[in-house]
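# Fold and geometry: a report
Spelled out, the chains give:
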Amino acid sequence: MQAFLDVILPVFLVVGAGYATVRFALFSDGVIDAIMKYTQNFAIPALLFKAIAGLDLSESFDPALLVSFYTGSATCFFAGLLAARYLFKRDWEDSVAIGFCCLFANSVMMGLAITERAFGADALAANYAIVAVHSPFCYGLGITAMEIARAHATGQPARTLPATVGKAMFRNALVLGILLGFATNLSGVVLPQVFKDALGMIVSTALPLALFGLGGVLVRYKIKGDIKLVAFVCGVSLFLHPTVVWNMGKLMEIDVGQYRSAVLTAAMAPGVNTYIFASMYGKAQKVAATSVLVATVLSIFSVWLWLDWLP
């Protein structure tokens, strides 16, 4: 119960505050859109830039950690893809979008916030290593699979795939923040203290505002669509993903700090990016929106369980 009160409840109270301000018309959708635009396109990329620029890459980027986490991510993508196609009888493009819902955990807004509250800021190095690969891996896999499905349906040549994937990746502000962080780290550039101070002020706003904005965005999502399929996505996201990472982490013998970060991040609900991905292609939007809403609410309790089980 103490973990629930100290770690989980404060995070979800911030989300709830954002939800309440829009639900009771204290803030308009336009205000929430501005908050989300600021956090997604500026503050969170700045946070990732600062974190990765200052990481000890040789220590933080442990291949065993990344294999453990992304084996779980890929497993969940293909579980969602194949179940949507063969169990729920969706077309291939819908199935890719549903697979993306199972793949893309809310690793930044929820994952960083909960890990920091549970284990402290010093525990976040493994989270940042996971996040650095998260958008490139997830969007790369999702866009590639969707473009293959579309090419199969329309007869487009496969040679256009690399350009399509690359264009989508380099338009993503999170990816750009990550790449700039790596460039700064590897080049050995020393940032002026005044720049670091200003960057720190921006970064301090990223997670609280992102959580608040997430609550405001959730008002727009309604429980509709295929409820059985939504329940499947929630089960894969909240239980299958962390279960695979739990077992892979033990198999790969990653250290306790990395293990905690990997399992907790895997236990997060699907992020808002799953709905953005579905909207990009006009596929499975109701399932994506409902999954984000339902899984976020359910994660209040499922994350509590995973925290209790962690070493």
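Now for a description of the structure that goes with this document. Bear in mind that the values here come from a model prediction, so they are computed numbers and not experimental data.

Summing up its helical and strand segments, the chain has 14 helices and 0 strands in all. Secondary structure elements of the chain occur, N-terminal to C-terminal, as α-α-α-α-α-α-α-α-α-α-α-α-α-α. Relative to the 2.2 N^0.38 estimate, which gives 19 Å for 311 residues, the radius of gyration of the chain is 19 Å and therefore close to what a compact globule would have. Taken along the three principal axes of its C-alpha coordinates, the chain extends 55 × 45 × 45 Å. Buried residues in the chain amount to 54% of all 311 residues. Look at the contacts in the chain between residues 6 or more apart in sequence, and 85% of them connect residues 24 or more apart. Surface exposure of the chain reaches about 13,600 Å², of which carbon and sulfur atoms provide 66%. Side chains of the chain carry 20 positive and 17 negative charges; the gap between the two charge centres is 13 Å.

A few words now on the environment of Val175. With respect to the helices and strands, Val175 occurs in helix α9 (residues 173-187). Placed 23 residues apart in sequence, Val175 and His152 show a C-alpha to C-alpha distance of 28 Å.

Right, let's talk about empty space enclosed by the protein for a bit. Under the defined criterion, the tally for this structure stands at 1 cavity of 30 Å³ or more. In this model, the largest cavity occupies a volume close to 150 Å³. If you go around the largest cavity, you meet 17 residues; those closest to its centre are Phe104, Ser107, Val108, Leu174 and Asn273. Going through the elements one at a time, α2 (29-53), α6 (107-119), α7 (125-154) and α9 are the ones with two or more residues in the lining of the largest cavity. Here the residues of the lining of the largest cavity are counted per class, giving 10 nonpolar, 7 polar and no charged.

Right, let's talk about the nonpolar core for a bit. Ranked by internal contacts, the top residues of the largest apolar core, which has 74 residues, are Met110 and Ile114. Per-element tally for this core: the top contributor is α2, with 11 residues. Core analysis: the next-biggest nonpolar cluster, separate from the first, contains 34 residues, Phe77, Ala145, Met146 and Ala278 among them.

Between helix α4 (residues 63-87) and helix α5 (residues 92-103), the least distance of the axes is 7 Å, while the angle of their chain directions is 145°. Regarding α4 and α5, the two cross each other, and that crossing is right-handed. Contact residues: Ser73, Ala74, Cys76, Phe77, Gly80, Leu81, Ala84, Arg85 and Tyr86 in α4; Trp92, Ser95, Val96, Ile98, Gly99, Phe100, Cys102 and Leu103 in α5.

Evaluation of the coordinates by the stated rule reveals 5 salt bridges. Asp94 serves as the salt-bridge partner of Arg90, at 3.0 Å between the closest nitrogen and oxygen. Bridged by salt links that share partners, the residues Asp29, Asp33 and Arg220 form one connected network.

Cut-offs applied
Residues numbered from 1 in each chain as written. Predicted model: local features only at pLDDT ≥ 70, side-chain atom pairs only at ≥ 80, totals over all residues. Heavy atoms only, no water. Helix = DSSP H or I, 4+ residues; strand = E, 2+ residues; numbered from the N terminus. Rg over C-alpha atoms; globule rule 2.2 N^0.38 Å. Buried < 20%, exposed > 50% of the residue type's maximum accessible area, 1.4 Å probe, protein only. Contact = heavy atoms within 4.5 Å. Areas by Shrake-Rupley, 256 points an atom, 1.4 Å probe, with all protein chains shown as cover. Lys, Arg positive; Asp, Glu negative; His and termini not counted. Charge placed at Lys NZ, Arg CZ, Asp CG, Glu CD. 1 Å grid on protein atoms, 1.4 Å probe; cavity = no way out; pocket = protein on both sides within 12 Å on 5 of 7 lines; lining within 4 Å. Points joined across faces, edges and corners; volume = space filled by probe spheres on them. Nonpolar A, V, L, I, M, F, W, Y, C, P; charged D, E, K, R; others polar. Core = buried A, V, L, I, M, F, W, Y, C linked by side-chain atoms within 4.5 Å. Axes fitted to C-alpha atoms, helices over the stretch in contact; angles between N-to-C directions. Left-handed = near helix turned anticlockwise from the far one by under 90°. Salt bridge = Lys/Arg side-chain N within 4 Å of Asp/Glu carboxyl O.

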